[in-house]
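For reference, the chains in residue letters:
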Amino acid sequence: MTDDRDFDSLAAVLQSYIDDHHEFLSWLGTGVEAVERGGMVMSIPYDDKLTNGRPGTDGERTPDIHGGVAATLVDTTGGLALRTELDDPLSGAIATITLNVNYLRPATGDLQATAEVVRAGSTIGVSEIIVESETPDGDREPVAIAQGAYRIFRDD
């Protein structure tokens, strides 16, 4: 599965796997938006069940998506992006070694993570991930930047 035309089918296979076999990611509503060699885009839609409240300027609760939801999206997107560098993206395994997430601002809307592979070595890979969210005024802003290191278990 090394032909770039096959990345659309890889996106569909990954989405099907999430929907059918990964209860937590499915519960979050995780979606595979785009897949290409060395990169991936995934999303989680806004839902009140994923929020924490913080006091707003008017005294009302302002719901922000919990940072752990963003970290889950970071970890998943960064690890799956590394699969695009394998000869067979559906073989082997990827396991997180370290994850560093820097939160920039509260996430108040849908989350979208874009991962780019920095390096995919024989046993270790590194991805950089940016998470964006829609602001109350309709703009998209980065809410977190991250880097993950992953152990690659190759079957090839």
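No experiment lies behind these values; they were computed from the predicted model shown. (Residues numbered from 1 in each chain as written. Predicted model: local features only at pLDDT ≥ 70, side-chain atom pairs only at ≥ 80, totals over all residues. Heavy atoms only, no water.)

Undergrad: How would you sum up the pattern of salt bridges? Please name residues and give values.
TA: What the rule picks out here adds up to three salt bridges. Ionic pairing is found between E141 and R105, a salt bridge with its closest N-O pair at 3.9 Å. In this pair, E141 is assigned in strand β8 (residues 140-153) and R105 in the loop between β5 (93-103) and β6 (111-120), connecting sequence segments 36 residues apart. Here R140 and E132 are joined by a salt bridge, their closest N and O atoms 3.9 Å apart. (Salt bridge = Lys/Arg side-chain N within 4 Å of Asp/Glu carboxyl O. Helix = DSSP H or I, 4+ residues; strand = E, 2+ residues; numbered from the N terminus.)

Undergrad: Please give an account of the sheet that holds strand β7 (residues 124-134) that cites residues and values.
TA: Taken together, six strands build an open sheet; the order of strands is β1-β2-β6-β7-β8-β5 and the sheet is antiparallel. Here the strands that pair on one side only, and so sit at the sheet edges, are β1 (31-36) and β5. Taken over all neighbouring pairs, the strand axes of this sheet differ in orientation by 20° on average, direction set aside. Against the sheet, helix α1 (residues 7-21) touches β1 and β2 (39-44), its axis set at about 150° to β1. (Pairing = 2+ DSSP bridges. Axes fitted to C-alpha atoms, helices over the stretch in contact; angles between N-to-C directions. Contact = heavy atoms within 4.5 Å.)

Undergrad: Run through the packing of aromatic side chains, naming residues and quoting values.
TA: Following the criterion strictly, the structure yields one aromatic pair and no others. Pairing F24 with W27 gives two aromatic rings, centres 6.4 Å apart and planes at 20°, and the pair type is stacked. Pair noted here: F24 and W27 are both in helix α2 (residues 23-28), with a separation of three residues, about one helical turn. Given a relative accessible area of 43%, F24 falls into the partly exposed group. On the accessibility criterion, W27 (47% relative accessible area) is partly exposed. In this structure, R151 is placed above the aromatic ring of F153, and the distance from its NZ or CZ to the ring centre is 4.3 Å. (Phe/Tyr/Trp six-rings, centres within 6.5 Å; stacked < 30°, edge-to-face > 60°. Buried < 20%, exposed > 50% of the residue type's maximum accessible area, 1.4 Å probe, protein only. Lys NZ or Arg CZ within 6 Å of the ring centre and 35° of its normal.)

Undergrad: Break down the nonpolar core for me, citing the residues and quoting the values.
TA: Core analysis: the biggest nonpolar cluster contains 36 residues, and L111, I129 and V131 have the highest contact counts within it. For this core, the secondary-structure elements that each account for two or more residues are α1, α2, β1, β2, α3 (67-83), β6, β7 and β8. No other element matches the eight residues that α3 contributes to this core. Setting aside anything within four residues of it in sequence, one finds V131 in contact with A70, V74, L111, Q112, A113, E141, P142, V143 and A144. (Core = buried A, V, L, I, M, F, W, Y, C linked by side-chain atoms within 4.5 Å.)

Undergrad: Before we move on, can you summarise the layout of surface pockets with the specific residues and values?
TA: As a volume, the largest pocket reaches approximately 160 Å³. The wall of the largest pocket is formed by L14, Y17, I18, H22, L25, T72, T76, L80 and R83. Mapped by element, the contributors of at least two residues to the lining of the largest pocket are α1 and α3. The element best represented in the lining of the largest pocket is α3, accounting for four residues. (1 Å grid on protein atoms, 1.4 Å probe; cavity = no way out; pocket = protein on both sides within 12 Å on 5 of 7 lines; lining within 4 Å. Points joined across faces, edges and corners; volume = space filled by probe spheres on them.)

Undergrad: Describe a negative patch on the surface, with residues and values.
TA: A cluster of like negative charges, contributed by D110, E134, D137 and D139, occupies part of the molecular surface. For D137, the location among the structural elements is in the loop between β7 and β8. According to the relative accessible area criterion, D137 is exposed, its value standing at 61%. (Patch = residues over 30% accessible without salt bridge, like charges linked within 9 Å, V, L, I, M, F, W, Y side chains within 5 Å. Areas by Shrake-Rupley, 256 points an atom, 1.4 Å probe, with all protein chains shown as cover. Lys, Arg positive; Asp, Glu negative; His and termini not counted. Charge placed at Lys NZ, Arg CZ, Asp CG, Glu CD.)

Undergrad: A description of the side chain of S43 should follow, citing residues and the corresponding values.
TA: Following the sequence through the fold, S43 ends up in strand β2. Within the local environment of S43, its side chain forms a polar contact with the side chain of E33, the two groups lying 2.6 Å apart. (Polar contact = N/O pair within 3.5 Å; in protein donor to acceptor, adjacent residues only side chain to side chain.)

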